[in-house]
Amino acid sequence: WAMNELQRLQSEYPGVIETVQGQGLLLGIRFTNPSGGIMVLSELFERQVIVIPSLMDWTVMRIAPPLNIPEATLKQGFSILEEALSTLAPDIMAMD
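Everything in this summary refers to the structure shown in the same document. Please read these numbers as outputs of a predicted model, since none were measured by experiment.

Side note on the overall build of the protein
Helix and strand counts for the protein come out as three helices and four strands. If you list the helices and strands of the protein from N to C, you get α-β-β-α-β-β-α. Projected onto the principal axes, the alpha-carbon positions of the protein cover approximately 40 × 25 × 25 Å. When burial is assessed residue by residue, the protein has 40% of its 96 residues classed as buried. Partitioning the contacts of the protein with sequence separation of at least 6, the portion at a separation of at least 24 is 58%. Across the protein, the 5 positively charged side chains and the 11 negatively charged ones have centroids separated by 6 Å.

Here's what the structure looks like:
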């Protein structure tokens, strides 16, 4: 489910999300530019969603929830991610 959700978000925000990848609940989003990734990461932190930036590439954000996360909590996190993308997409796309 989670990977399908990321692929849906990628198709809705192609100017923001370059690629998505992962397996199970270890997932990654590559943003079109580093500043956009940092903006999304900061917005998610403000909304109390913990995600991990890649230390090697600031365009990549890792999503790695615990394996025992309740489905409702996981869906809520993805909903917050979608809200953040919707809010920030115009600003991120204007950076290019």
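On we go.
With respect to the nonpolar core
Core analysis: the biggest nonpolar cluster contains 26 residues, and Leu6, Ile29, Val40, Leu44, Met61, Leu81 and Leu85 have the highest contact counts within it. Within the residue set of this core, elements represented by two or more residues are helix 1 (2–12), strand 1 (17–23), strand 2 (26–31), helix 2 (34–46), strand 4 (60–63) and helix 3 (71–94). With nine residues, the top contributor of residues to this core is helix 3. In this structure Leu44 touches Val49, Val51, Met61, Ile80, Leu81 and Ala84, once residues within four positions along its chain are discounted.

Focus: the pattern of salt bridges
Under the defined criterion, the tally for this structure stands at seven salt bridges. The residue Glu5 makes a salt bridge to Arg8 at a minimum N-O spacing of 2.5 Å. Of this pair, Glu5 and Arg8 both sit in helix 1, three residues apart, roughly one helical turn. The closest approach of N and O atoms between Arg8 and Glu82, which form a salt bridge, is 2.9 Å.

Rules used in this analysis
Residues numbered from 1 in each chain as written. Predicted model: local features only at pLDDT ≥ 70, side-chain atom pairs only at ≥ 80, totals over all residues. Heavy atoms only, no water. Helix = DSSP H or I, 4+ residues; strand = E, 2+ residues; numbered from the N terminus. Buried < 20%, exposed > 50% of the residue type's maximum accessible area, 1.4 Å probe, protein only. Contact = heavy atoms within 4.5 Å. Lys, Arg positive; Asp, Glu negative; His and termini not counted. Charge placed at Lys NZ, Arg CZ, Asp CG, Glu CD. Core = buried A, V, L, I, M, F, W, Y, C linked by side-chain atoms within 4.5 Å. Salt bridge = Lys/Arg side-chain N within 4 Å of Asp/Glu carboxyl O.

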